[in-house]
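A look at the structure
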Amino acid sequence: MNSRIFGAALLGLSLVAAPVFADPAKVAIHVDEESIQTMNMALNNAANIAKHYESLGQEVAIEIVTYGPGLHMLREDTSPVADRIEVMALELDNITFSACLNTVEAMTQKERKDVPLVSEAEVVPSGAVRLMELQADGYAYLRP
């Protein structure tokens, strides 16, 4: 094989293999299960991603989006990970916890009482739409 053709082929492979992320890197983590394992995995992923980019001296934006049964992650009265969320929010200024208003309203109606959220939660109109918006804005999508 001609060395120039081989070199061009290698260059093409290296360009395809190297991922290109926005600056700063951005990731949306999706939680729609009431599973403590899923919630902890989402928090572990967020912590590991933050640590990785910090070690590179780069910024990263992390948003955990909850809806459906996953909203329990951000419910003050039912969250098995509320303490971890509080600590992470204090340690990481680049993490956001989004709670779906559609789910909050459905749970409120079903339970006939207010659904209290942890103070770190930011309410978004729709969790599914929020994920779509984040992906359109260049966020990588991660579902633990």
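All of these numbers come straight from a predicted model, not from anything done at the bench.

Glancing now at the overall build of the chain. When its secondary structure is counted, the chain shows 5 helices and 5 strands. In sequence order, the chain lays out its α and β elements as α-β-α-β-α-β-α-β-α-β. Counting over 144 residues, the chain shows a buried share of 35%. In the chain, the proportion of contacts linking residues at least 24 apart, taken out of those at least 6 apart, comes to 76%.

Over its 20 residues, helix 2 (residues 36–55) runs 28 Å from end to end, which matches the ideal 28 Å to within 8%, given 1.5 Å per residue. For helix 2, every residue scored as buried is listed here: Thr-38, Met-39, Ala-42, Leu-43, Asn-45, Ala-46, Ile-49, Ala-50 and Tyr-53. For helix 2, the arc enclosing every buried residue in end-on projection is 150°, short of the 170-degree limit, so these residues lie on one face. Those residues of helix 2 that are exposed and aimed more than 90 degrees away from the buried face are Gln-37, Asn-48, Lys-51 and Ser-55.

Turning next to helix 4 (residues 101–111). Within helix 4, burial applies to Thr-103, Val-104 and Met-107. End-on, the buried residues of helix 4 take up no more than an arc of 100°, which puts them together on one face. The inward-facing, buried residues of helix 4 abut strand 3 (95–100). Once helix 4 finishes, Arg-112 follows within two positions and takes phi at roughly 55°, a positive value.

This part covers the pattern of salt bridges. Under the criterion given, the structure shown has 8 salt bridges. Close ionic contact of Asp-77 with Arg-75 constitutes a salt bridge, the shortest N to O distance being 2.8 Å. On the basis of relative accessible area, Arg-75 is assigned to the buried category, the value being 1%. For Asp-77, the salt bridge goes to Lys-113, with nearest N and O atoms at 3.8 Å. Here the residue Asp-77 occupies a position in the loop between strand 2 (60–66) and helix 3 (82–91), and Lys-113 occupies one in the loop between helix 4 and strand 4 (121–124), the gap between them amounting to 36 residues.

By the secondary structure assignment, His-30 is in strand 1 (residues 25–31). Here Asp-32 takes part through its side chain, which lies 3.4 Å from a polar atom of the side chain of His-30. Contacts of His-30, omitting those with residues within four sequence positions, involve Val-65, Tyr-67, Leu-131, Tyr-141, Leu-142, Arg-143 and Pro-144.

Moving on: the pairing of strand 2. With 6 of its 7 residues buried, strand 2 lies for the most part within the structure. In this sheet, strand 3 lies alongside strand 2 in parallel orientation, the contact comprising 5 bridges. Following the sheet pairing, Ile-62 is matched in strand 3 by Ile-95. One crossover worth recording links strand 2 to the parallel strand 3 by way of helix 3, and it is right-handed.

Let us look at the nonpolar core. Formed by 29 residues in total, the largest nonpolar core has its most connected members in Leu-43, Ile-62, Ile-64, Met-73, Leu-74, Ile-85 and Ile-95. Counting residues per element, the ones that place at least two in this core are strand 1, helix 2, strand 2, helix 3, strand 3 and helix 4. Element by element, the count of residues in this core is highest for helix 2, at 7 residues. Among all residues touching Ile-95, those that are not within four sequence positions of it are Ala-46, Ile-62, Ile-64, Met-88 and Ala-89.

What counts and how
Residues numbered from 1 in each chain as written. Predicted model: local features only at pLDDT ≥ 70, side-chain atom pairs only at ≥ 80, totals over all residues. Heavy atoms only, no water. Helix = DSSP H or I, 4+ residues; strand = E, 2+ residues; numbered from the N terminus. Buried < 20%, exposed > 50% of the residue type's maximum accessible area, 1.4 Å probe, protein only. Contact = heavy atoms within 4.5 Å. Expected span 1.5 Å × (residues − 1). Arc of directions from axis to C-beta. Salt bridge = Lys/Arg side-chain N within 4 Å of Asp/Glu carboxyl O. Polar contact = N/O pair within 3.5 Å; in protein donor to acceptor, adjacent residues only side chain to side chain. Pairing = 2+ DSSP bridges. Right-handed = clockwise from strand over helix to strand, strands pointing away. Core = buried A, V, L, I, M, F, W, Y, C linked by side-chain atoms within 4.5 Å.

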